[in-house]
Amino acid sequence: MVNIMILGLRGSGKDTVANHLELRHTYMKFALADRIRRTAEILGLPPTKTNLIKIGEKVKEICGQTKWIDLLDKDIELWIKDHNNYTETFQLDEKPLHVITDVRRTYEYSHYLEKGYIPVKVVTDFDKCVSRVVERDGDIDMGAFGHSTETEQAGLKGIVIENNESLEVLYAKVDKLIHMLEKESYYEQCMHLFRKELKG
């Protein structure tokens, strides 16, 4: 089994896929936006898409483009250390598998691709994405769909999981993918293709 990064539009079902991986396949869920949300909370700002984008961009402007990646990598490293200590103590045979739910930028994608994360792209009809965001958040800023955090990931490649049907169908697709990724040859073939595509 391998670590996974998830791509997709708002409302496409990225967190739904990650939640299933967490519950069914013992993955730990992480997001680049976790620290941004915590920053918004500290500042007393509602975690709207617009606020998160502004905070994320301002911190990168001050601290450098990869600041959120660096922070997430540290969080993951600490979790892996704790996980390994736990499994060693209780003599468990569990790998510290994890999934990153919100890779959106080319430099984020490149970073995690080089670290061996397999990209999985959740694809959903745009109208369904919009209706799911409205149902989830109660409101929607349509302009956010045009922001580069949404548009840039459209050109990034990944194993496609379509999510236009029921949850049961989606979960079955995820389970099938995990089964396929257990085959090292399939993983290596996909990674070779995605790295080649990235280099152009």
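What you see is a predicted model; the values in this text were computed from it and never measured.

Attention shifts here to the nonpolar core. In terms of nonpolar packing, the biggest core is built from 39 residues, with Ile-4, Leu-21, Ile-100, Val-103, Tyr-109, Tyr-112 and Ile-118 touching the most fellow members. No other element matches the five residues that helix α8 (residues 167-181) contributes to this core. With sequence-adjacent residues up to four places away left out, Val-103 is seen in contact with Met-5, Ile-6, Leu-7, Leu-32, Glu-108, Tyr-109, Tyr-112 and Gln-153. Counting residues in hydrophobic clusters, the runner-up holds six residues, among them Ile-36, Ala-40, Leu-52 and Ile-55.

Judged by side-chain polarity, Tyr-86, Phe-90 and Leu-92 come together as a nonpolar surface patch covering roughly 320 Å² of accessible area. Summarising the element assignment, Phe-90 is placed in the loop between α4 (67-89) and β3 (98-100).

If you walk through the whole model with that rule in mind, you get one cavity of 30 Å³ or more. Put simply, the largest cavity is a space of about 30 Å³. Lining the largest cavity, in full, are Ile-4, Val-17, Leu-21, Val-120, Ile-161, Val-174, Leu-177 and Ile-178. Among the elements of the structure, α1 (14-25) and α8 are those that each provide at least two residues to the lining of the largest cavity.

On to the side chain of His-25. Structurally, His-25 is set in helix α1. Beyond its immediate sequence surroundings of up to four residues, His-25 is in contact with Met-1, His-20, Asp-175 and Ile-178.

All right, on to the pattern of salt bridges then. Considering all chains together, one arrives at 15 salt bridges under this definition. Among the salt bridges present, the one from Asp-75 reaches Arg-35, with a minimum N-O distance of 2.8 Å. One end of the pair, Asp-75, is in helix α4; the other, Arg-35, is in helix α2 (residues 34-43), with 40 residues separating them in the sequence. Classification of Asp-75 by relative accessible area gives buried; the value is 17%. Glu-165 is paired through a salt bridge with Lys-173; the nearest N and O atoms lie 3.7 Å apart.

Definitions and limits used
- Residues numbered from 1 in each chain as written.
- Predicted model: local features only at pLDDT ≥ 70, side-chain atom pairs only at ≥ 80, totals over all residues.
- Heavy atoms only, no water.
- Core = buried A, V, L, I, M, F, W, Y, C linked by side-chain atoms within 4.5 Å.
- Buried < 20%, exposed > 50% of the residue type's maximum accessible area, 1.4 Å probe, protein only.
- Helix = DSSP H or I, 4+ residues; strand = E, 2+ residues; numbered from the N terminus.
- Contact = heavy atoms within 4.5 Å.
- Patch = residues over 30% accessible without salt bridge, like charges linked within 9 Å, V, L, I, M, F, W, Y side chains within 5 Å.
- Areas by Shrake-Rupley, 256 points an atom, 1.4 Å probe, with all protein chains shown as cover.
- Salt bridge = Lys/Arg side-chain N within 4 Å of Asp/Glu carboxyl O.
- 1 Å grid on protein atoms, 1.4 Å probe; cavity = no way out; pocket = protein on both sides within 12 Å on 5 of 7 lines; lining within 4 Å.
- Points joined across faces, edges and corners; volume = space filled by probe spheres on them.

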